[in-house]
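Residue strings, one per chain:
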Amino acid sequence: MGNGTGKLDAELFQNDDGLETETSSHQKSCENDCSRFYRSYESYSEQLKDQLRTKRVVDEETLQPRLYREKTIQYLLKGIESPLSSSYSDLASSRPWILYWSLQALT
């Protein structure tokens, strides 16, 4: 998880075992770009924590994000069974990958 400084903990980054490739270099760059958006739950203001608890986004005991399995399954099945909406028309060529990852999420 994030450490509150806008940087992710090192163990969450991709490990290339000391063998840097073009792909691992791009992965590291992407991780560095994205890490600034992550913060630990502990670094949130009490007001934000209260909002997250009220909306039941965070599990009260574990302080982990809550996964709503049934809603997630419904969402994935809807995506599999329905054609892409017009707002996703640019993704038409990616439909096989969308189906693949939706099916993977259901397993």
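Before reading further, recall that the structure is shown in the block above.
## Remarks on the overall build of the chain
Regarding its fold elements, the chain presents four helices and zero strands. Taken from the N to the C terminus, the helices and strands of the chain come in the order α-α-α-α. Considering only residue pairs separated by 6 or more positions, the chain has 30% of its internal contacts joining residues 24 or more positions apart. When the accessible surface of the chain is summed, it comes to about 8,900 Å², and 54% of that surface belongs to carbon and sulfur atoms.

## Side note on the side chain of S24
In this structure, S24 sits in helix α1 (residues 22-35). For S24, the residues in contact, after removing those within four places along its chain, are Q14, D16 and L19.

## Topic: a nonpolar patch on the surface
Together, I73, L77, L103 and L106 give the surface a local cluster of nonpolar side chains, amounting to about 290 Å² of exposed area. Within the secondary structure, L106 sits in helix α4 (residues 95-106). Relative accessible area serves as the criterion here: at 33%, L106 is assigned to the partly exposed category.

## Things to note about the packing of aromatic side chains
Throughout the structure, instances matching the rule amount to three aromatic pairs. Ring centres of Y100 and W101 lie 4.9 Å apart, and the angle between their planes is 80 degrees; on these two criteria the pair is classed as edge-to-face. According to the relative accessible area criterion, W101 is exposed, its value standing at 53%. Against the face of Y68 rests K71, its NZ or CZ located 5.6 Å from the ring centre.

## Let's talk about helix α3 (residues 69-81)
Compared with the 18 Å implied by 1.5 Å per residue over 13 residues, the 18 Å span of α3 between its first and last C-alpha is a close match. By the criterion of burial, α3 is predominantly exposed, with just one of the 13 residues buried.

## Focus on the pattern of salt bridges
The tally for this structure, following the rule as stated, stands at four salt bridges. A salt bridge links K28 to D16; its shortest N-O distance comes to 2.9 Å. Placement of K28 in helix α1 and of D16 in the segment before α1 is noted, with a sequence separation of 12 residues between them. Given the relative accessible area of 29%, K28 is considered partly exposed. Overall, the relative accessible area of 14% leaves D16 in the buried class. The shortest N-O distance in the salt bridge between K28 and E20 comes to 4.0 Å.

Procedures and definitions
Residues numbered from 1 in each chain as written. Predicted model: local features only at pLDDT ≥ 70, side-chain atom pairs only at ≥ 80, totals over all residues. Heavy atoms only, no water. Helix = DSSP H or I, 4+ residues; strand = E, 2+ residues; numbered from the N terminus. Contact = heavy atoms within 4.5 Å. Areas by Shrake-Rupley, 256 points an atom, 1.4 Å probe, with all protein chains shown as cover. Patch = residues over 30% accessible without salt bridge, like charges linked within 9 Å, V, L, I, M, F, W, Y side chains within 5 Å. Salt bridge = Lys/Arg side-chain N within 4 Å of Asp/Glu carboxyl O. Buried < 20%, exposed > 50% of the residue type's maximum accessible area, 1.4 Å probe, protein only. Phe/Tyr/Trp six-rings, centres within 6.5 Å; stacked < 30°, edge-to-face > 60°. Lys NZ or Arg CZ within 6 Å of the ring centre and 35° of its normal. Expected span 1.5 Å × (residues − 1).

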